[in-house]
Amino acid sequence: MARKKKKKEIFALGNEAVVEGALIAGCSFFGGYPITPSSEIMEIMASRLPVTEDGAFIQLEDEIASMGAVIGASLAGRKAMTATSGPGFSLMQEHLGYACMAETPCVLVNVMRGGPSTGLPTSPAQGDVMQARWGTHGDHPIIVLSASDVQECLEMTIRAFNMAEKYRTPVVLLIDEITAHTREKIEVPENGDYEILNRVVPSMPPEWYKPYEETVRGVPPMPPIGSGYRFHVTGLTHDRNGFPTSRPDEVNELVQRMHRKIDQFFYDIQITEETTTEDAEVVVVAYGSVARSAEYAVQQARESGVKAGLLKLKTLFPYPRRATEKLLARARTLVVPEMNMGQISREVKRVNMGRASVRTVNRVDGQIITPSEILKVIMQG
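Please read these numbers as outputs of a predicted model, since none were measured by experiment. (Residues numbered from 1 in each chain as written. Predicted model: local features only at pLDDT ≥ 70, side-chain atom pairs only at ≥ 80, totals over all residues. Heavy atoms only, no water.)

Colleague: Tell me what's going on with the pairing of strand β14 (residues 333-338), and back it up with residues and numbers.
Modeller: With 6 of 6 residues buried, β14 lies mostly within the body of the structure. Alternating positions in β14 separate into two faces, Thr333, Val335 and Pro337 on one and Leu334, Val336 and Glu338 on the other, with burial throughout. Judged from the 3 bridges that link them, strand β11 (residues 282-286) and β14 form a sheet pairing that is parallel. Counterpart to Val282 in the pairing with β14 is Thr333. Handedness of the β-α-β unit built from β14, helix α13 (residues 344-352) and strand β15 (residues 357-362) comes out right-handed. (Buried < 20%, exposed > 50% of the residue type's maximum accessible area, 1.4 Å probe, protein only. Helix = DSSP H or I, 4+ residues; strand = E, 2+ residues; numbered from the N terminus. Pairing = 2+ DSSP bridges. Right-handed = clockwise from strand over helix to strand, strands pointing away.)

Colleague: Would you mind going over the nonpolar core in detail, with residue names and values included?
Modeller: If you look at the biggest cluster of nonpolar residues, it comprises 45 residues, and the most contacted ones within it are Leu316 and Ile344. Considering every element that reaches this core, the biggest residue donor is helix α3 (residues 63-75), with 5 residues. Every residue in contact with Ile344, bar those within four places of it in the chain, is listed here: Val129, Tyr287, Leu313, Leu316, Phe317, Tyr319, Val336 and Glu338. If you look at the next biggest cluster of nonpolar residues, it comprises 41 residues, including Met42, Ala83, Ala147 and Cys153. (Core = buried A, V, L, I, M, F, W, Y, C linked by side-chain atoms within 4.5 Å. Contact = heavy atoms within 4.5 Å.)

Colleague: A description of the side chain of Asp239 should follow, citing residues and the corresponding values.
Modeller: Checked against the element boundaries, Asp239 lands in the loop between β9 (183-187) and α9 (248-263). Within the buried core, Asp239 has no salt-bridge partner, and the shortest N-O distance to an opposite charge, that of Arg247, equals 7.5 Å. Engagement of the side chain of Asp239 in a polar contact is seen with the backbone nitrogen of Asn241, the distance being 2.9 Å. Setting aside its immediate chain neighbours within four residues, Asp239 contacts Tyr212, Thr245 and Glu250. (Lys, Arg positive; Asp, Glu negative; His and termini not counted. Salt bridge = Lys/Arg side-chain N within 4 Å of Asp/Glu carboxyl O. Polar contact = N/O pair within 3.5 Å; in protein donor to acceptor, adjacent residues only side chain to side chain.)

Read these as geometric descriptors, not functional statements.
Right under this line is the structure:
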């Protein structure tokens, strides 16, 4: 009987795992500017990308230029990404909006730290959640993912690239300083362990191609610029050919399609993980490194006779409404621990609509929320 081949294992930081995931997903361009606590992602990309086939790395003068370079590389056909932290994320917001309007697939990793402003450069926080959803202006759809451990950093980076390519949209991956700088043993996937998705390119003759044409999925095919297809790119509202328009019918058609291409695939985009929720009367809703504290707190509560469970959010936006509503059928209390003043808890309260008691556990002092802090609120019932 043949012995099963053992998977490759490495001892890696969360930031290192992000790089592994990006390379597995096919990332071939990184444009960035160093900023704590995300700098390891850029530093490792600087050494790894140039030695891969067609890989390119560039350090730009600031985060604004970094995001612009990522958009340009993606339009040219590359799978492109950048990484930053809170202040840099703020600078990238205008170009993030441009990527949304031009429907340009790319991945933006934000390793969250304390803020606002320079804040706590080396301490963990989760204060950029609402900035990830609403930071750029206008009515735009966005996909925001999260990771709670080092293995998930790798896996969710792959998922981020797959979603960016599949839905022709920027995807934000939020991790916090604790997750980014935790070092753990992880398994590195082999070829075939993950399905790697690529954007759909046009199959019709160039003279028939319309870059923003309506499709069943709402996602138009996207050729690399320079491949013979005329492709007009603008941040203005545009018609199906990509040319600026202010006609109400064309503007409405564009905005509705941009939202529909995300809304109709919630089942694919909204990723959650549940622990002992089958009979849970108290459910903790958590994400990032805080979810690890929450999991241990739930375990301790169970040992004390309390029917507790955990809903871990791997997708933050579009917010996993159905997963939350399912638990509300029996839960009398929802506990939402966050390293901010309450951002995802607002989404939980919106979905809850007064059906259960929602209790928050918040820290903004640069320290992680401990299992004992969460357990104390769980035991209050």
